[in-house]
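# Structural overview
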Amino acid sequence: MITVQHLAKSFRLSRQQRRSREDAGSARDNIVQAVGDLGFTARPGRIFALLGPNGAGKTTALRMIATLLRPDAGQIHIAGVDAIADPVAARRKLGFLTGSTRLYERLTADEVVRYYAALAGVSEEDYRRRRDALFGALGIEAFAGRRCGKLSTGMQQKVSIARTIIHDPEVIIFDEATSGLDVIAARAIIQFIRQCRTDGKTVLFSTHIMSEVTKLADDLAIVHGGKLLYSGTFAEFTAASAERSLEDEFIRRIEAAESATEAAAQPPTGART
């Protein structure tokens, strides 16, 4: 299970970033809040989708959950472990995969996965069993002996999945896992995410591809401006939708939030400026 409460994170802008914001007519603040007071729960045996437009704070939130960033405020628990107080213990419970994951090009697929198993302290017996199961499920066996630098993007992503979960984590986070993949490779990863749910894992994923949400999500949250717009089951979301498609309903809610933000930023009628 993943439990997130009152999560917040701000960043200090670089000089170049401040200049870009000023050129665009934005505020001249040196601090930007990426995530503010975010909270949700992802449960075992279910797939939780985290959605939002670019810059909404999704990736920042996922990196905090994965212990790659330390939050300014809030609480994160991974399978019962306080991820802020004990990030090392939390990492043993989770696997984190992004669409921008890189592999060491001179190692073979087999060597990469074995290396990460060793880092996680996986025994030789468990390694062989998990390695055979993962390579079979993902179709890696055919290129297991090839160097990663010679593999296609889809092949590399499959190897990344195998190295991410070779230690059999209870919680798996997928951040844009199918980004840039062809249809066949993306389909294999979608099938694998479904298998993780069947295996009782807690799965948290983000994507810009709404068809993936429709295929996979049991629960979902929508984030905009670092804040939560919606959190609930996918069935509840579709039942309350004003639009016929998930994409249209997502856009409607984002546009409504942006309009509300703009209205709140306007001075009251008759106020001096």
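Residues numbered from 1 in each chain as written. Predicted model: local features only at pLDDT ≥ 70, side-chain atom pairs only at ≥ 80, totals over all residues. Heavy atoms only, no water.

### With respect to the packing of aromatic side chains
Using the criterion set out here, one finds three aromatic pairs in the structure. A ring pair is formed by tyrosine 115 and tyrosine 116, whose centres lie 5.6 Å apart and whose planes are at 90 degrees; its orientation type is edge-to-face. The partly exposed category is assigned to tyrosine 115, whose relative accessible area is 46%. Tyrosine 116 gets classed as partly exposed once you look at its relative accessible area, which sits at 30%. Between tyrosine 230 and phenylalanine 237, the ring centres sit 5.0 Å apart and the planes meet at 65 degrees, which makes this aromatic pair edge-to-face. Here tyrosine 230 and phenylalanine 237 have matching classes, each one buried. (Phe/Tyr/Trp six-rings, centres within 6.5 Å; stacked < 30°, edge-to-face > 60°. Buried < 20%, exposed > 50% of the residue type's maximum accessible area, 1.4 Å probe, protein only.)

### Examining the sheet that holds strand E1 (residues 2–12)
Sheet strands associate in pairs through backbone hydrogen bonding, adopting either a parallel or an antiparallel arrangement. If you walk across this open sheet you meet the four strands as E2-E1-E4-E5, and the pairing is antiparallel. Sheet topology places strand E2 (31–42) and strand E5 (81–82) at the edges, where each strand pairs with a single neighbour. As paired elements, E1 and strand E4 (residues 73–78) share five bridges and run antiparallel to each other. Of the residues in E4, the one forming a bridge with alanine 8 is alanine 73. Sheet strands in contact with helix H2 (residues 58–65) are E1, E2 and E4, and its direction is about 120 degrees off that of E1. (Pairing = 2+ DSSP bridges. Helix = DSSP H or I, 4+ residues; strand = E, 2+ residues; numbered from the N terminus. Contact = heavy atoms within 4.5 Å. Axes fitted to C-alpha atoms, helices over the stretch in contact; angles between N-to-C directions.)

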